[in-house]
Structure formats: structure tokens, C-alpha cells
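Fold and geometry: a report
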Amino acid sequence: MKKNKPGTLARNKRASYDYFLEEHYEAGLELKGTEVKSIRQGKVSLNESFCIVKNGEVFIEGMNVTPYEQGNRFNVDPLRTRKLLLHRREIAKLERDKKLKGHAIVPISLYLKNGRVKLSIASGRGKKNYDKRESIKEREVDRKIRRSVDR
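Before going into details, it helps to say that this report is about the structure given with it. (Residues numbered from 1 in each chain as written. Predicted model: local features only at pLDDT ≥ 70, side-chain atom pairs only at ≥ 80, totals over all residues. Heavy atoms only, no water.)

**Here we look at the overall build of the protein**
Test applied: Helix and strand assignments come from DSSP, with helices taken as H or I runs of at least 4 residues and strands as E runs of at least 2, each series counted from the N terminus. Only protein chains enter the accessibility calculation, which uses a 1.4 Å probe. A residue is then buried if its area is under 20% of the maximum for its type, exposed if over 50%, and partly exposed in between. Contact definition: two residues touch when any of their heavy atoms are within 4.5 Å. For every accessible area listed, the method is Shrake-Rupley and the probe measures 1.4 Å; residues are considered covered only by the protein chains on display. In this tally Asp and Glu are treated as negative and Lys and Arg as positive; neither His nor the chain ends contributes. Each charge is placed at NZ for Lys, CZ for Arg, CG for Asp and CD for Glu.
Looking only at helices and strands, the protein has four helices and nine strands in total. The helix and strand sequence of the protein, counted from the amino end, reads β-α-β-α-β-β-β-β-β-α-β-β-α. Within the protein, buried positions represent 36% of all 151 residues. Of all intrachain contacts in the protein linking residues separated by at least 6 positions in sequence, the fraction that spans at least 24 positions is 66%. When the accessible surface of the protein is summed, it comes to about 10,300 Å², and 48% of that surface belongs to carbon and sulfur atoms. Mean positive and mean negative side-chain charge positions of the protein (37 and 20 charges, respectively) differ by 3 Å.

In C-alpha cells, the structure reads:
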């Protein structure tokens, strides 16, 4: 099992399995109140999350941030739509990529950078079943090679 990089709070492990990841971007997140404290505790999940472009802005939907325990009335909906902070050129590029058939904007990982929460996203093209089987074969071959080298 891969270990998370230092500072990584959450990873979307299915992203590289389901998509050919092409261009990577780093985005800030517009968070409210106690969400940052909950994210710093690692109580966040990127599984089943996806990004959409709407009115020249990028949003992430389906990202689950568990409410902060001491947050009481300041906690917000754990599955709310959150705005991503990107440059205008990056948003335009993502919008062009999204219009291509089979392309999606995929969240990859959530991490801390200089005390701020950042989200790594990528423009990805969906894999077919035969592509996924090929990825599994490559992974197994790499695993066998590593085992033989370790012995």
C-alpha cells in the first residue's frame, strides 16, 4: 500500500485507475469556519468527488468533510459544493478539456502547503475496461520485479 506524502491529508486512489491523467493543477479551496480544523485532523474523503465548471468558476462536489467535533452550530453541510480557486487561464483550459468527449476534471489529493489547504486536480480521459486490465497487469509486473530485487 502506498503511503501518503508528508502533508497529504487525503488521496483519491481510484483517479489513476479510472482515468488517464493528463494535465495537473493546484487549486486553493474556499472553506468555511470549522472545515479547516476538520480537514487538518484528516477527516475528509475525496472518494466519489468530482469537479464541475459553471459560469467561469470551478467547483468540487461530493467531497465529504466530517463536521468538526467542537464546532457546534458553526459546522456546515459535510457534502456541500465548494469553490476552487484557480487562475482564469487555468479555468479556461479546464473548460476546453471538459468539452472533449470522455474527459473529466478529477480531484487527486488534498494537502497542506504553507499552512493552506490545497487540492491537486487533473484533466483526465476515462479509461475503458481493457485499459484498466492493462494497468492491473503493469502493476503486478512491477510488484514481482520489486519482490525479486528485495530478495
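**So, helix α3 (residues 88–99)**
Using the following cut-off: For a helix, the expected span equals 1.5 Å multiplied by the residue count minus one. Starting at the helix axis, one direction is taken to each C-beta atom, and the arc is that of these directions.
Given a rise of 1.5 Å per residue, twelve residues ought to cover 16 Å, and the 17 Å separating the end C-alpha atoms of α3 matches this to within 8%. Those residues of α3 that sit buried are I91, L94 and D97. The arc that holds every buried residue of α3, seen down its axis, measures 125°, which confines them to one face. Of the residues in α3, the exposed ones pointing more than 90 degrees away from the buried face are R88, R89, R96 and K99. As for α3, its buried residues are in contact with β2 (19–29), β4 (50–54), β5 (57–61), β8 (103–113) and β9 (116–126).

**Section: the packing of aromatic side chains**
Put simply, the rule reads: Pairing of aromatic side chains requires ring centres within 6.5 Å, counting the rings of Phe and Tyr and the six-membered ring of Trp. Pairs whose planes differ by under 30 degrees are stacked, by over 60 edge-to-face, and all others tilted. Both a distance and an angle decide whether a charge sits over a ring: NZ of Lys or CZ of Arg must be within 6 Å of the ring centre and within 35 degrees of the ring normal.
Under the criterion given, the structure shown has zero aromatic pairs. A cation over a ring is seen here: K54 above F59, with NZ or CZ 5.6 Å from the ring centre. The ring of F20 carries K127 above its face, with NZ or CZ at 5.1 Å from the centroid.

**Re the side chain of N12**
Locating N12 in the fold gives a position in the loop between β1 (8–11) and α1 (15–18). Filtering out sequence-adjacent residues up to four positions away, N12 remains in contact with L46, N47, V106, P107 and I108.

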